[in-house]
Amino acid sequence: MAARLSTCFLAYGWSGVNCRHWNVRSSPSHRLLPASCKMRHRNLSSQHKRQVKKLSPERLPTNAKFQPNSEKDTESATSSADEISNLNHRNESHDDIGTVVAVEDTNSDKDAESATSADETSSLNRRNVSGDDVGTVVAVEGTSDEDLNRPTILNEIKPSSTEEMSSFNHEPMSSDNDGAVDDTNEKDLNSLTVLNEIKPLATDASSGEDFSSFQIQDLIGMIKNAEKNVLLLNQARVHALEDLKKILNEKQELQGEINILEMRVAETDARIKVAAQEKVHVELLEDEMAKLRHGLSTRGGTGTNMQDLHKAVPIPPNNSIDFLIEELSLLRKENMSLKDDLQALKAELSNVRGTDERVIILEKERSSLESALKELELKLHVSQEDVSKLFVLKSECKTLWEKVEHLQALLDKSTKKADQAISVLQQNQELRKKVDRLERSLEDANAYKSSSEKLQQYNELMQQKIKLLEEHVQRSDEEIHSCVQSYQESVKEFQDTLNSLIEESKKRSLDEPVDDLPWEFWSRLLLMIDGWLLEKKISSNDAKLLREMVWKKDGRICETYMACREKNEREVIATFLRQTSPTRAGMYVVHIAVEMAPVAKVGGLGDVVTGLGKALQKRGHLVEIILPKYDCMKYERIRDLRALDVVVESYFDGHLFKNKIWVGTVEGLPVYFIEPHHPGNFFWRGQFYGEHDDFKRFSFFSRAALEFLLHAGKKPDIIHCHDWQTAFVAPLYWDLYAPKGLNSARICFTCHNFEYQGTAPASELASCGLDVHQLNRPDRMQDNSAPDKINPVKGAVVYSNIVTTVSPTYALEVQTAEGGRGLHLTLNSHSKKFIGILNGIDTEAWNPATDTFLKVQYSAHDLQGKAENKEALRRHLRLSSVNVRQPMVGCITRLVPQKGVHLIRHAIYRTMEMGGQFVLLGSSPVPHIQREFEDIAKHFQSHEQIRLMLKYDESLSHLIYAACDMFIIPSIFEPCGLTQMIAMRYGSVPIARKTGGLNDSVFDVDDDSIPVQFRNGYTFLTPDEQGLNGALKRAFMHYKKSSQSWQQLVQKVMNIDFSWDSSALQYEELYEKSVARARALASRV
């Protein structure tokens, strides 16, 4: 609530003086004599402003008597004036300023009426001022015209003073707050009206002194001044009401503007200055009042004083002395009433002092509230900024939500439309199918209609022609009868001629070899003859003669076999024994191995045994293969598999163990399968390699194979053994079986990989019957790195007549300390019989033009099938087919350290980074490598560019070779490698490291030191990621930038001859030289 501070004007009341005849007229009402109030000076600076709470002071009684004689009266008046001044200058509010000008007439006859008028005036002032308004209230009390005639002296009021002494801003006040000013129950201090202390001028009636010195003109002037003051007060009230209306209008404009406070503070400072001036004026009035008191106290003094008084105031004539005496007595009475009034005023002043203390407390509270208000204003300002930001964010959020809802609605609509479109599309497709069926039916109906019409026409024509034909038939029957007779005569002549030709051809066929029959036929004949020999049904000499006829492909033996199809075995043997033509067709070569493609294949060894055997067979040599009979072989690839009715016993661990012999043909080659009846079940393990007793398994097989040759009476020219698993054959042959009569053969040993040497403790060698003490020597089978171990590969190198490996470069590498794996010294000491021959591939099995595993067959002259196989592989492996020209990199290998598994792993990610596809087929016998690639395969199991198949799949390998554009072979070392040859056979460009057989078969496209006709791939030297990246990048750039040049490169690599023909020729030369030397030595003996 706001408190209004009123500016008080001090009124001075005089007793009524009637100028008519100078008669004194008494009046019961109080007369206010001119007096001045003294106010103590206070600091009125803006730093000491105080907050004033709502006050409800008691109203001063209108009949109060004032006592001017006491010093306490002076102090009370001074204190009251100070408090009024402080209130005038320190009470602040927000919008309202009130000015109260009070003029009090103390006519005793009109006390009640005057009080009522004052209450109404105060009430009127409160109704005109609201909580936010500025009001100026001028209160003038008086109820009769007679009172206006009494001399009343007011403080001089200037028009500007009423504006400067307006109250300060305060809290808004409710418009309903219209209570009276004197209502003490309300806490709202609406106005504060304080009258000046009035000190009447009285004379002691008992002194009897006359005051004839007063001049009538002065009294009249004083009355006129009082009238003027009343007029000024009325004008001030009118001006105040006008100002109130103006301020009410200005309030609406100034609301909310905080800067107005500073202007009002400045106005307050100005008002404080005016108040200070008024305070000085009040002090002057207090001095005058003191002089008047002094004069009253000395009114009964010396004559000098009376004379001075008479000098100051002229004495009226004698006839007015009585009047003055009466007037003086009245003054005495009035002085007594004034004393009573002073006592009451003193009581009121004491109350004012208490009010002043409360005002001080309120000012302190006001200062604290001001500081709190400033903090709240700052917080309000910050909060307003935050609210504005929050409002902006809310508006933005609301806008976004509206957009989201709009988008959601659009999405729902589009989804519904899409669903409708899909359903409509499906309906359209169904309708399209129905339309197609209707169109086909319509076409068929039209065709049937047209054909029926044509048939009708045709029938009519045919009926006419039939009639004609019946006539011609009758004529032709006679001609046919004559022709039949002539034909029968010619048939007889032709039959006679044919019989004569058949007899002549039979005679010629007996003398010429038959070349048009497959090798399976001749292998079957050989196996049949060997079976008769082992079963003691024919002699060894007869068997030898029959074998020579088969080697020679004698037509008589073929004719005999054809003629004996429906005869029993005894008649067949008798028919064969009648054929005697002892001739020899070539060398007799027996391969003892543990692998053979495709029935028992793990690596390249199986391909070499089959490929070399077929190539030698084509060159006219008798080739036989001896294999263990594994339980995990592909038996469906063996033709005519059967067991012989014979048992071969072989020595092992001090005992003789029986071996069952099986025969069959694989890829046209005769194969003997040895099934040992040993409690260890050596070859019934579900896998070819990797068993804990591999040394025993394969040493047992090596002796059983030689035992079979001895038991069958075979006299091979060459016994060719492979790798450490059959390396035992060489020492067994020379130490045990050559003395027994199996001495016609020369031993050839081929090591396909010197990393695997099969070393074992020397004591285990005794199991197969060899003398450990004789062989465990540095120059024989003792391992070069561990003297207590036996090295089968070293024994084969020492005991063989011919030692080969699978490429010329690898033969040079293994004779160094880095590549020899400890055997470099042994190989160097036997270097005269050591040679490297590059392997070949079976060009019939690996032929894209006839490969049945492919989706589409193709050749170097028609590469369209290669693209179709690429697409077929993508569909099969669920790879991306978006880019038809996207390069595909393949890798088929065993995942072992030798093959560069870290580079294969890097190539997978590098190919993906370069925008290609990668396909891997293979597995690892090393557990941690297998697990690593299983994790990679799992990571890429649903990837569109990468696929890993951790197994071996023969049919899938053919498709991968045909589909890939490039093949990666990043081997750390590679004895030969068939992958690059097969890849080039199928048109896949190799990316290989320059080592071993890779260096002998892949020549870099960008190597100017190599003739252009031999450049066929991309190579790198260092076995690291940088080297692989360079070769892979060059290949990708070539593939992407020049499709025509790439196609020419593909055609070139497909036309390179990697068959076994050249390799078989080199082996044939080695065989013949070794056999010739053996025969030369035998002839000397």
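Residues numbered from 1 in each chain as written. Predicted model: local features only at pLDDT ≥ 70, side-chain atom pairs only at ≥ 80, totals over all residues. Heavy atoms only, no water.

Draft legend 1. Representation of the sheet that holds strand β20 (residues 989-993) within the structure. The strand order across the open sheet built from six strands is β18-β17-β16-β19-β20-β21, with neighbouring strands paired in parallel fashion. The strands lining the two open edges of the sheet, one partner per strand, are β18 (946-949) and β21 (1018-1020). Strand-to-strand twist across the sheet, computed as the mean angle between neighbouring axes with direction ignored, equals 15 degrees. Two elements, strand β19 (residues 966-969) and β20, share four bridges in a ladder whose sense is parallel. In the strand pairing of β20, M966 is matched with V989. (Pairing = 2+ DSSP bridges. Helix = DSSP H or I, 4+ residues; strand = E, 2+ residues; numbered from the N terminus. Axes fitted to C-alpha atoms, helices over the stretch in contact; angles between N-to-C directions.)

Draft legend 2. Representation of helix α13 (residues 604-618) in the model. End to end, α13 covers 21 Å across 15 residues, agreeing with the expected 21 Å (1.5 Å per residue, within 8%). With respect to burial, α13 is a largely interior element, 13 of its 15 residues being buried. Phi for G620, located one or two positions after α13, is positive at around 95 degrees. (Expected span 1.5 Å × (residues − 1). Buried < 20%, exposed > 50% of the residue type's maximum accessible area, 1.4 Å probe, protein only.)

Draft legend 3. The packing of helix α14 (residues 694-712) against helix α15 (residues 729-737), seen in detail. The interhelical angle for the contact between α14 and α15, taken along N-to-C directions, is 50 degrees, at an axis separation of 10 Å. Accordingly, the angle class assigned to the pair α14 and α15 is oblique. Judged by the sense of rotation from one axis to the other, the crossing of α14 with α15 is right-handed. Across the interface between the two elements, S702, R703, L706, E707 and L710 of α14 pack against V729, L732, Y733, L736 and Y737 of α15. Of the residues belonging to the contact of α14 with α15, the class tally is seven nonpolar, one polar and two charged. (Parallel < 35°, antiparallel > 145°, perpendicular 65-115°, else oblique. Left-handed = near helix turned anticlockwise from the far one by under 90°. Contact = heavy atoms within 4.5 Å. Nonpolar A, V, L, I, M, F, W, Y, C, P; charged D, E, K, R; others polar.)

Draft legend 4. Up close: the nonpolar core. If you look at the biggest cluster of nonpolar residues, it comprises 121 residues, and the most contacted ones within it are I626, L706, L765 and Y1071. Other than its neighbours up to four places away in sequence, L765 contacts F695, F728, L770, V772, L775, M781 and I790. Grouped together as the second largest cluster of nonpolar side chains are 71 residues, M888, I969, V1005 and L1049 included. (Core = buried A, V, L, I, M, F, W, Y, C linked by side-chain atoms within 4.5 Å.)

Draft legend 5. Spatial organisation of helix α26 (residues 1025-1041). Here α26 spans 24 Å end to end across 17 residues, near enough to the 24 Å set by a 1.5 Å rise per residue. Listing the buried residues of α26 in full gives G1027, L1028, A1031, L1032, A1035, F1036, H1038 and Y1039. Buried positions in α26, seen along its axis, are confined to an arc of 160 degrees and lie on one side of it. Exposed residues on α26 whose side chains face more than 90 degrees from its buried face are Q1026 and K1041. (Arc of directions from axis to C-beta.)

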